[in-house]
Amino acid sequence: MNDGKICVSVCAATADEMISRIKRAEEFADIIELRFDCLEHLQLKNFLGEIKINRFSSKFLITFRPQEFGGRREISLSERRKFWEFISSFANAEYFDIEPDLQKKFAGLRINPRIVSFHNFTGLNNLENIFEELRETNSYIIKIAVQADDIADSIAVWKLLETAKKDDKKLIPIAMGEAGKWTRILGLAHGAPLTYAALDAGDETAPGQISARDLTEVYRVKQLNEQTEIYGIVGSPVAQSLSPFMQNAAFEFHNLDAIYIPLEVKNLDEFIRKFIAFETREVELNFKGFSVTIPHKQAIIKHLDYLDETAREIGAVNTVKIINGKLHGFNTDAHGFIEPLRNSYGDLKNAKAAILGAGGAARACVYALKKAGANVTIFARNIEKAKFSAGEFEVELRELRITNHELRFADFDIVVNATPLGMKGEFQTRTPAAASQIENVKLVYDLVYNPFETEFIKEARTANVPTLGGLSMLVAQGAKQFEIWTQMDAPASEMSAAALKRLK
Ligand code: NAP
């Protein structure tokens, strides 16, 4: 447990909408930030009237931020002065968030307790100086929010927590954007008095804000402390990953003081140097392990102290466990792929399997199928590129032309899609093969799990072919990761339910 609070930021153009949002925010908020700058000018008075009538039990944080400081509209200096003079007597106000320029200009304003806030949406370096300037305002809390494009950009603002502690000051350090999400999740555990949350996903008032429900139910931010074990998913992009929902459901099931967070990492070398390696790291977050995803599954290998045999043979690592400062690498994709396949299909000895695609996931599939005694053929669009993998695993290689409907898979028992075709986004409406091409196949296995039902799975249904979706592999590889990290049995059905809930 920590002493921090969740502050839900509420922003709407009209008084009615603002009131309805406050009512919804009360479920999770300790404090509700009223973004008065979101209201259209003429709605301000209505809103203040409505707030009196509705008598909320919540405490409020009042913000009236002009556009030049990251607010929603242009507000003149005289309007700002009038607003703050009027609002200072507002009954439910717990805090007033005032920009640094006003702290000086309206030094005589009797508004307490104040938060002085600084926002920079382009990122910058001289944060120590900015902290010094804000400290001079003698505000109760200092809030500094800067944009981070890669995870290392968020270190400077996080390190101010140490400076603030020495000064006996309260600081809210926020790195905005996907790469800064960890500062919003871990801030309270490291002494920040507040963390800001969005009312709902899609309602963010700043980049990278997480919904209040997720901060509470998925990341349990108020229960974390400096000793909490940290795990996460390292990759780019990681925003769509289901792993935080799955792994946190497992940690919660076993009542572990551990949390799994998204880690948007573009530069892997820098991440390892500044966050992980004992001799060089710049932040102390008690990392115990992490998942590795696109594009770092191969690049991570040079940073490892130990490499598990399966990972070595596949040539890719998706799991790192940190033991006494040493990095141990594993691959759970092969296990995650084969376990549900065995459950669905049965004995794989001599089964004929076609793998469509020849990337990282395909390598794990080929490795696992060969180990199980299956006969494997890789179908790749780029034969030259795929020759290396086919040669290494000693399997047949054939050309995959998605537009070639003459290509039939009737000779195969199992057809696996290991391409991104069908995946949410630009590929969603596409399939690697049509129903007519997979007639008489015994099982179609699509590694794509988002959407839950892909075009390929629909084609298989049309052809009356049994199917297996990618979610089963996702859960099985995640369950194995959990077991590697914790040496405990993974609660697979809870993990699956958490992933499915998010997917649907
Ligand atoms: P990857 O390393 O990028 O490999 C993708 C493969 O698909 C490459 O061989 C690529 O060919 C091929 N490909 C891409 N676009 C294609 C197209 N339009 N037509 C034909 N082939 C195409 O990716 P990966 O890590 O192997 O992942 C592949 C898929 O598996 C992804 O959808 C991923 O989400 C899914 N996956 C699921 C799980 C799970 O747990 N369910 C785990 C891992 C991966 P080129 O080499 O010519 O580009």
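Below, the structure is looked at part by part. (Residues numbered from 1 in each chain as written. Predicted model: local features only at pLDDT ≥ 70, side-chain atom pairs only at ≥ 80, totals over all residues. Heavy atoms only, no water.)

**A look at the overall build of the protein chain**
Right, so step 1: Counting secondary structure elements, the protein chain contains 17 helices and 21 strands.
Right, so step 2: Dimensions of the protein chain, computed from C-alpha atoms along their principal axes, come out at roughly 85 × 50 × 40 Å.
Right, so step 3: Of the roughly 22200 Å² that the protein chain leaves accessible, carbon and sulfur atoms contribute 46%.
Right, so step 4: Computing the positive centroid from 62 side-chain charges and the negative centroid from 68, the protein chain places the two 2 Å apart. (Helix = DSSP H or I, 4+ residues; strand = E, 2+ residues; numbered from the N terminus. Areas by Shrake-Rupley, 256 points an atom, 1.4 Å probe, with all protein chains shown as cover. Lys, Arg positive; Asp, Glu negative; His and termini not counted. Charge placed at Lys NZ, Arg CZ, Asp CG, Glu CD.)

**Concerning the site of the ligand**
Right, so step 1: In the vicinity of the ligand there are 21 residues, among which A358, A361, R381, K385 and L447 approach most closely.
Right, so step 2: In the environment of the ligand, an oxygen atom lies 3.3 Å from a nitrogen or oxygen atom belonging to the backbone of G359.
Right, so step 3: Here an oxygen atom of the ligand sits 2.8 Å away from a polar atom, N or O, in the side chain of K385.
Right, so step 4: Contact with the protein chains covers 80% of the free accessible surface of the ligand, which is 920 Å².
Right, so step 5: Looking at the shell around the ligand, the elements that each hand over two or more residues are α13 (360-371) and α16 (470-486).
Right, so step 6: Of all the elements, α16 adds the most residues to the shell around the ligand, at three residues.
Right, so step 7: Of the residues assigned to the shell around the ligand, the class counts are 13 nonpolar, six polar and two charged. (Near = heavy atom within 4 Å. Polar contact = N/O pair within 3.5 Å; in protein donor to acceptor, adjacent residues only side chain to side chain. Nonpolar A, V, L, I, M, F, W, Y, C, P; charged D, E, K, R; others polar.)

**With respect to the side chain of E264**
Right, so step 1: Take E264: it is sitting in strand β11 (residues 258-264).
Right, so step 2: At 4.8 Å, K266 is the nearest oppositely charged side chain to E264, a buried residue that forms no salt bridge.
Right, so step 3: Within the structure, E264 has its side chain in polar contact with the side chain of S236 (distance 2.6 Å). (Buried < 20%, exposed > 50% of the residue type's maximum accessible area, 1.4 Å probe, protein only. Salt bridge = Lys/Arg side-chain N within 4 Å of Asp/Glu carboxyl O.)

**Observations concerning the nonpolar core**
Right, so step 1: Counting residues in each nonpolar core, the largest one holds 93 residues, and the members touching the most others are F36, I62, W84, I144 and F271.
Right, so step 2: Examining the composition of this core, we find that six residues originate from one element, helix α6 (residues 155-166), more than from any other.
Right, so step 3: The next biggest cluster of nonpolar side chains, apart from the first, holds 34 residues, and it includes C365, I378, L443 and M473. (Core = buried A, V, L, I, M, F, W, Y, C linked by side-chain atoms within 4.5 Å.)

**Overview of the pattern of salt bridges**
Right, so step 1: Enumeration according to the criterion identifies 32 salt bridges in this entry.
Right, so step 2: Here R24 makes a salt bridge to D200, at a shortest N to O gap of 2.5 Å. Remark: D200 occurs in the loop between β8 (194-198) and β9 (210-211) and R24 occurs in helix α1 (residues 15-25); sequence separation between them is 176 residues.
Right, so step 3: Judged by its relative accessible area of 38%, R24 falls in the partly exposed class.
Right, so step 4: Among the residues examined, D200 registers a relative accessible area of 30% and is labelled partly exposed.
Right, so step 5: Between K297 and D333 there is a salt bridge, with the nearest N and O atoms lying 2.8 Å from each other.

**Brief notes about the state of the cysteines**
Right, so step 1: Inspection of the entire model under this criterion finds one disulfide.
Right, so step 2: In this model, C11 is linked to C38 through a disulfide, with the two sulfur atoms separated by 2.0 Å. Disulfide C11-C38: torsion about the S-S bond near -105 degrees, hence left-handed. Of this pair, C11 sits in the loop between β1 (5-10) and α1 while C38 sits in the loop between β2 (31-35) and α2 (43-54), placing them 27 residues apart in sequence. Taken as a pair, C11 and C38 share a single burial class, namely buried.
Right, so step 3: Left unpaired, C7 is separated from the closest cysteine sulfur, that of C38, by 13 Å. (Disulfide = S-S within 2.5 Å.)

**Notes on the packing of aromatic side chains**
Right, so step 1: This model, assessed by the stated rule, comprises 19 aromatic pairs.
Right, so step 2: Ring geometry for F271 and F290: centres 5.9 Å apart, planes at 85 degrees, overall edge-to-face. Separated by 19 residues along the polypeptide, F271 in helix α10 (residues 268-276) and F290 in strand β12 (residues 289-292) bring together distant segments of the chain.
Right, so step 3: Overall, F271 belongs to the buried group, its relative accessible area being 0%.
Right, so step 4: Classification of F290 by relative accessible area gives buried; the value is 0%.
Right, so step 5: Of the aromatic side chains, those joined through ring pairs into one cluster are F36, F47, F64, F83, W84 and F96. (Phe/Tyr/Trp six-rings, centres within 6.5 Å; stacked < 30°, edge-to-face > 60°.)

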